[in-house]
Amino acid sequence: MKWITARRRHPLAGYVVVILALALFGVGYAALAPTAEQAQAQTLAADAPSQENVDDVDIANGEDIFNQTCATCHNYDGSGTYDENGEILRGPDIRGVGAAAVNFQVSTGRMPSMDPDAQMPRKPMAMTEEELADLIAYYNAQIRTGGPDIPYDVPGEAPERSSFEDEASYEAALEEYENEYDSYLEGADDTQMGMQLYLTNCAHCHGWSGGGGALTDGRWAPEIHDATPRQIYEAMVSGPGAMPIFSDGAIEPEEKQELISYIKTLQAEPDAGGIFDLQRVGQVAEGLIAWVVGLALIIACAIWITAKQRAHD
Amino acid sequence: MSKTTQAPKALRGVGNFIDDRFHLAKTGEKNLRKVFPNHWSFMLGEIALYSFIILLLTGVFLTLWFKPSMMEIVYDGSYERLQGVMMSEAYASTLHITFDVRGGLLIRQIHHWAALIFVAALVVHALRVFFTGAFRKPREINWLIGVAIFALAMVEGLFGYSLPDDLPSGMGVRILQGVMLALPLVGPYVSMFLFGGEFPGEDIISRLYMLHILLIPALLLGLIVAHFMILWHQKHTQYPGTGRTDKTVVGTPMFPAFAVKAGGFFFFTFAVIAGLSAFVQINPIHLFGPFTPTSITSGLQPDWYMGFMEGSLRIFPNWFDLTIFGYALPTAVLVPGLVVPGLIFGGLAAWPFIEQWITGDKRAHNVADRPRNAPVRTGVGAAGVTFYGVLWLAGSNDIISETFSIELYVSTYIFRVLAIVGPILAFFIAKRVCLGLQRRDREMLEHGYESGTIQQLPSGEFIEVHKPNSDGMVDILESKPTITSTALADDADTDDKGVENPEARKGSGKLRRALARWYTKDNVSFDDVEAHSGHHLHHSSHEEEKEAAH
């Protein structure tokens, strides 16, 4: 008798088949579904990281990047593509959005976008820091007519190992970055103000923990755990997507620092209540766990202690 | 217990001392030998009892440090992140319990997890009682008490959730106030009375505290004791089986076997709750921050047992809002906030009496129904569960939208449709499943069970060998009652002298007959079935025809 023949009528055989089928579908889907990383790699395959100095920007290279990756939707002069009724065709006018918006959109990987009609999720940046600097230099020089500047005094991305030639210079840059980051957050000492600003202005979309949330019309407020302080700042001053603009007049830079410090400190806060934080989703996840773990275990125990041997079946 | 062995002298002394004074030996022995039927589903109520005990014990611990005061203070405790923040004393004292009281956070989490499991156990216990018809006479009063415990437990949980005065609790109280304000005429007065002025005022925490630790627990405790005394007096229901009738109970004696099981079960329940509390973070109020009326956050829900209320508020449309003489009548809040829970709890409370009215069944039932043998009741139950479940899911529609990338408004419409279509579908599906199971039972009774052995006959035909059921199984299968109603009896319309029954002519009489027809018409009859009389058995290896044991 074959191995399978002996076991296929086993009481657990059905469950095994279901689990195998689910696993097959899950793995199959994961293997076949296009991932964001692959999609980007197709557009920007040619760009290898260069080792040139960040200060030494190359406006001509920026122009190339703009014409290759941005102009399809935003037009060569950044005026956007519109139909005769003034509706956006592929991309809006970006002449007045400012360098802060460009830096935000590109550094969070949202631009260049694969699908102009869909809200873009956060992804790894599609170009190197140097290329972004070139792009911004070109944007500032040739396209920009207004809008907020990049807040260079707010800490941005941590340095990456690949942009340094040796370990020592990378370590030094990382330490410098971390000092800058810590001093920015510690420079804010009014938790009351940061909390009030965050909970009044931000939490009704991004959630109390910055975990994000659903919005109307199929949009969503993204999770902001991975956002750098500079990106949060830029989002506030440029108002990407459905987000309103919180200009430096409405919320002053010091207040923004308090706000960013509040949310970053909260996110770094350890979970005092246990090693499983349920992603800080809250009551929905807690209710689920109470039923499918808590109550289910207790009922399994009840079944166990009242079980008795049946004559058959 | 054996009477031949004597208890140790010390125990005898204590026993005699007590018995000389309280004469407990006789009642004690009777109660200790009380029989408990053995089935896991009879333990569900005990989960609720044990979590309630855990709630009482941990709740007492928490009251030692909790300060039910809304006085604004500047926090300077040991939780560094919130130092210098203005907050109420209630919130500050909860932080104190969390970070400064030894074991405080663990006890708080045990209290919260136990609350979630308490209400969940109430629900599954109530479902067991409903689907097995254990609410029927003589247990209707205990069913009503159970419904009251369920409703009170929800309110108790809501108030407890509101006490720490953190961000979600303030939002929960705000929704509660919104529902109150929607009451016609009296709404604003009720709200002003409860809050001692405008929201949030300075009284609400201390008032909710009194309700949460004094009034409602006392009511719950009283109702739970009454529930148990009635249970003790009326005894458990039991599932059909050998020797089990409306007059005899089969099971394990209370002492020692059941007491050991129940005691062990308490510790297991406690272990699961304590395990969850030790490893899974729940309601981290120190991360939420204190509530202020300007603060609001997305993605926050009430605890699960209030989820269906949240859901009904979220999906009920505002198409029916009225303005009468310049006064708004916000039906979009009123209906989901009051009518929907009223329907659910009112329906639960009324069902035993509705069913009794339809069937005219005034007999006492101590043998529970198998759910399949009461298909309409099971269908109604499934419809109710579906309705509740859809509302409950709708309460987390933002989390669902975000997690599964569904548009928020689309999800609202999906839930609106599901809330109406889902229960109807569930009714018919559940009823059909029941009838299918009845047919299977009938088949099994007639032919025995499918053994899984394939046999080839000399003619070359293949058959599956059916084997005779055990005697116990035959008893279970043959116990199927035929559901009847007195409204459909031959003499229901006219008496034996041919005089028309005035009751049956009235509208209510006609309604009752229509309902009775609906309730009884679907039935797989077992009347002509004799156990193991089917032809398959003649081929089986056990050739001897087993007589059905009675």
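The present account deals with the structure reproduced in this document. (Residues numbered from 1 in each chain as written. Chains lettered and ligands numbered in written order. Predicted model: local features only at pLDDT ≥ 70, side-chain atom pairs only at ≥ 80, totals over all residues. Heavy atoms only, no water.)

1. Thoughts on helix α2 (residues 13–32) of chain A
In a regular helix each residue adds 1.5 Å, so 20 residues correspond to 28 Å; α2 of chain A covers 28 Å between its end C-alpha atoms and thus fits that length. For α2 of chain A, the tally of buried residues reaches only one of 20 residues, placing the bulk of the element at the surface. (Helix = DSSP H or I, 4+ residues; strand = E, 2+ residues; numbered from the N terminus. Expected span 1.5 Å × (residues − 1). Buried < 20%, exposed > 50% of the residue type's maximum accessible area, 1.4 Å probe, protein only.)

2. Thoughts on the interface of chain A and chain B
The interface of chain A with chain B comprises 57 residues on the first partner and 73 residues on the second. Interface of chain A and chain B: buried area, both sides summed, is about 5200 Å²; carbon and sulfur atoms make up 68% of it. There are one salt bridge connecting chain A and chain B. The shortest N-O distance in the salt bridge between Glu269 of chain A and Arg81 of chain B comes to 4.0 Å. Where chain A packs against chain B, one counts 21 residue pairs in polar contact (both at pLDDT 80 or more). Elements supplying a minimum of two residues to the side of chain A that touches chain B: α8 (191–201), α9 (203–206), β1 (213–214), α11 (253–268) and α12 (283–306) of chain A. Of the residues forming the side of chain A that touches chain B, the biggest block, 18 residues, is contributed by α12 of chain A. Classifying every residue of the side of chain A that touches chain B by side-chain character gives 29 nonpolar, 20 polar and eight charged. (Contact = heavy atoms within 4.5 Å. Buried area = accessible area lost by both parts, 1.4 Å probe. Salt bridge = Lys/Arg side-chain N within 4 Å of Asp/Glu carboxyl O. Polar contact = N/O pair within 3.5 Å; in protein donor to acceptor, adjacent residues only side chain to side chain. Nonpolar A, V, L, I, M, F, W, Y, C, P; charged D, E, K, R; others polar.)

3. Thoughts on the packing of aromatic side chains
Enumeration according to the criterion identifies 36 aromatic pairs over all chains in this entry. Here the aromatic rings of Trp291 of chain A and Trp304 of chain B are separated by 5.1 Å at their centres, their planes lie at 75 degrees, and the arrangement is edge-to-face. Separated into two different chains, Trp291 of chain A in helix α12 and Trp304 of chain B in the loop between α11 (285–288) and α12 (307–315) make up a pair that spans both. On the numbers, 4.5 Å between centres and 5 degrees between planes, the contact of Tyr79 of chain B with Phe99 of chain B is stacked. With Tyr79 of chain B in the loop between β2 (72–74) and β3 (86–88) and Phe99 of chain B in helix α4 (residues 89–99), this residue pair connects regions lying 20 residues apart in the sequence. Exposure remark for Phe99 of chain B: the relative accessible area of 28% places this residue in the partly exposed category. Members of the aromatic cluster, joined through ring pairs, are Trp291 of chain A together with Phe150, Trp304, Tyr305, Phe308, Phe345, Tyr388 and Trp392 of chain B. Between Arg416 of chain B and the ring centre of Tyr413 of chain B, over which it is positioned, the NZ or CZ distance is 4.9 Å. Lying across the ring of Phe526 of chain B, Lys480 of chain B places its NZ or CZ 5.2 Å from the centre. (Phe/Tyr/Trp six-rings, centres within 6.5 Å; stacked < 30°, edge-to-face > 60°. Lys NZ or Arg CZ within 6 Å of the ring centre and 35° of its normal.)

4. Side note on the environment of Asp83 of chain A
All names here are of chain A. Here Asp83 lies in the loop between α4 (59–74) and α5 (98–107). Take Asp83: its relative accessible area is 26%, and that puts it in the partly exposed class. Along the primary structure Asp83 and Pro253 are separated by 170 residues, whereas in three dimensions their C-alpha atoms are 38 Å apart. Within the local environment of Asp83, its side chain forms a polar contact with the backbone nitrogen of Asn85, the two atoms lying 3.1 Å apart. A polar contact is formed between the side chain of Asp83 and the backbone nitrogen of Glu87, at a distance of 2.9 Å.

5. Focus on the environment of Ser396 of chain B
In this structure, Ser396 of chain B sits in the loop between α14 (375–394) and α15 (397–404). Residues Ser396 of chain B and Lys362 of chain B, spaced 34 residues apart in sequence, show a C-alpha to C-alpha distance of 43 Å. When neighbours within four sequence positions are excluded, Ser396 of chain B is seen to be in contact with Val284 of chain A together with Gln301 and Arg314 of chain B.

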